[in-house]
Amino acid sequence: MISASYITADIANSTKLFSSEEMELLAEDIGQILTVGKCIFTFSRFDSFQAFHRDPLNSLEMVMQIRSAVRKFSPKKPDIRICLGLGQANPDVSDFTFLKDDLFVNTGREFDKMANNRQWFIIKLTETDDLYRQPGFTSLGIFLDFLFRRLTYKQSQVLSDLLKGCPQTEIAKLQNKSLPTINKQVKALSWENFKIISKLYKELMQNQSANAL
């Protein structure tokens, strides 16, 4: 049974795209998302981080928020490579010192492999008993990665607000745009598909819990 998630991530080409000051600001934005999610996390040079999340049912939505925060940060089209590991972990974990659970070890190994493939987001089940369910999570990861890759800078801004739960009327005011303009962006970025992926992810997670009982 999945009891936690572990996120390993790295912002691509950060030193070429941004100054140290800009990277610090982006790290603060990501850190705020992780803090709201009640994660234990650590950054390295502002452009890579690891996070432990005890609420795996909502981990995918948090990952969406993180990637949209990166994509909307600049018109330079920054992106982030993320591996979301799902499994079991010691509930007493309070930092990242000497972590040996399969959740942390296998997620890290899978993330290292990502440098050699074109996919920038994957979901990895780390418990042997769960591996037969991996294809469903793999499919969600591929589809979500595809949706994020096709986003424009403006669409990323709208998606970020949608993921925060803002209605379109509020987004229009926040971005100083007309409601019809925001509505067009919402349709163009395939918001309905993002919601479907989130729903399917939660169904897969809840089915695991039911079968574990």
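In this numbering scheme, every chain counts its residues from 1 along its sequence in written order. Given that this is a predicted model, residues contribute local features only at a pLDDT of at least 70 and side-chain atom pairs are listed and counted only at 80 or more, while totals for whole chains, interfaces and linings are drawn from all residues. Side-chain measures were taken over the full set of non-hydrogen atoms in the model, leaving aside hydrogen atoms and water.

With that settled, the discussion passes to the overall build of the protein chain. Each helix corresponds to a stretch of at least 4 residues labelled H or I by DSSP, and each strand to a stretch of at least 2 residues labelled E; elements are numbered beginning at the N terminus. Across its full length, the protein chain carries nine helices and five strands. Taken from N to C terminus, the helices and strands of the protein chain fall in the order β-α-α-β-β-α-β-α-β-α-α-α-α-α. Principal axes of the C-alpha set define a box for the protein chain whose edges measure 50 × 40 × 30 Å. Think of it in three bands: with a 1.4 Å probe and only protein chains considered, a residue is buried below 20% of the maximum accessible area for its type, exposed above 50%, and partly exposed in between. In the protein chain, buried positions account for 48% of the 213 residues. Contacts are assigned to residue pairs with any non-hydrogen atoms lying within 4.5 Å of each other. Taking the contacts inside the protein chain whose residues are at least 6 apart along the sequence as the reference set, 72% of them involve residues at least 24 apart. Only four residue types enter the tally: Lys and Arg on the positive side, Asp and Glu on the negative side, with His and both chain ends excluded. Working definition for charges: the position is that of NZ of Lys, CZ of Arg, CG of Asp or CD of Glu. Computed over 27 positive and 24 negative side-chain charges, the inter-centroid distance for the protein chain is 9 Å.

On to the pattern of salt bridges. Put simply, a salt bridge is a Lys or Arg side-chain nitrogen that is within 4 Å of an Asp or Glu carboxyl oxygen. Under the counting rule described, the total for this entry stands at ten salt bridges. Salt-bridge contacts for Asp-79 lead to Arg-71; the nearest nitrogen and oxygen are separated by 3.3 Å. With respect to burial, Asp-79 and Arg-71 carry one shared label: buried. Sharing partners across several salt bridges, the network here consists of Arg-67, Arg-71, Asp-79, Asp-145 and Arg-149.

Positionally, Asp-29 belongs in helix α2 (residues 20-36). Measuring from C-alpha to C-alpha, the distance between Asp-29 and Phe-73 comes to 9.3 Å, with 44 residues separating the pair along the chain.

We now examine a negative patch on the surface. Together, Glu-21, Glu-24, Glu-28 and Asp-29 line one region of the surface with negative charge. Tracing the backbone shows Glu-21 in helix α2. What makes a patch is a set of residues exposed beyond 30% relative accessible area and free of salt bridges, joined within 9 Å when like-charged and within 5 Å when nonpolar (Val, Leu, Ile, Met, Phe, Trp, Tyr). The method behind every accessible area is Shrake-Rupley, applied with a 1.4 Å probe, and residues are considered shielded solely by the protein chains displayed.

Moving on to the pairing of strand β3 (residues 48-53). Burial of β3 is extensive: five of the six residues sit out of reach of the surface. Strand pairing follows a simple DSSP-based rule, namely that at least 2 bridges must link the two strands. Where strand β1 (residues 4-11) meets β3, six bridges bridge the pair, whose relative direction is antiparallel. Bridge assignment links Ile-7 to a residue of β3, and that residue is Ala-51. Of the strand pairs in this sheet, strand β2 (residues 40-44) and β3 are connected by five bridges, and their pairing is antiparallel. The partner of Phe-41 across the bridge, within β3, is Ala-51.

The end-to-end C-alpha separation of α2 is 24 Å, in line with the 24 Å expected for 17 residues at 1.5 Å each. If you follow the buried residues of α2, they end up packed against β1, α1 (14-17), β2, β3 and α3 (59-71). Phi turns positive one or two residues past the end of α2, at Lys-38, with a value near 60°. One fewer than the residue count of a helix, multiplied by 1.5 Å, yields its expected span.

Further remarks concern the packing of aromatic side chains. A pair of Phe, Tyr and Trp rings is counted when the ring centres sit within 6.5 Å of each other, with Trp represented by its six-membered ring. The angle between the planes then sorts it: under 30 degrees is stacked, over 60 is edge-to-face, the rest tilted. If you walk through the whole model with that rule in mind, you get seven aromatic pairs. Relative to Phe-104, the ring of Tyr-6 has its centre 4.8 Å away and its plane inclined at 80°; by these criteria the two rings are edge-to-face. Highlighted residues: Tyr-6 in strand β1 and Phe-104 in helix α4 (residues 102-113), separated in sequence by 98 residues. With a relative accessible area of 9%, Tyr-6 lands in the buried category. Relative to Phe-43, the ring of Phe-41 has its centre 6.1 Å away and its plane inclined at 90°; by these criteria the two rings are edge-to-face. By relative accessible area, Phe-41 is classed as partly exposed at 30%. We classify Phe-43 as partly exposed; its relative accessible area is 25%. Grouped by ring-pair contacts, the aromatic residues Tyr-6, Phe-52 and Phe-104 constitute a single cluster. For a lysine, the NZ atom is tested; for an arginine, the CZ atom; a charge sits over a ring if that atom is within 6 Å of the ring centre and within 35 degrees of the ring normal. One cation-aromatic arrangement involves Arg-81 over Trp-120; the distance from NZ or CZ to the ring centre is 4.5 Å.

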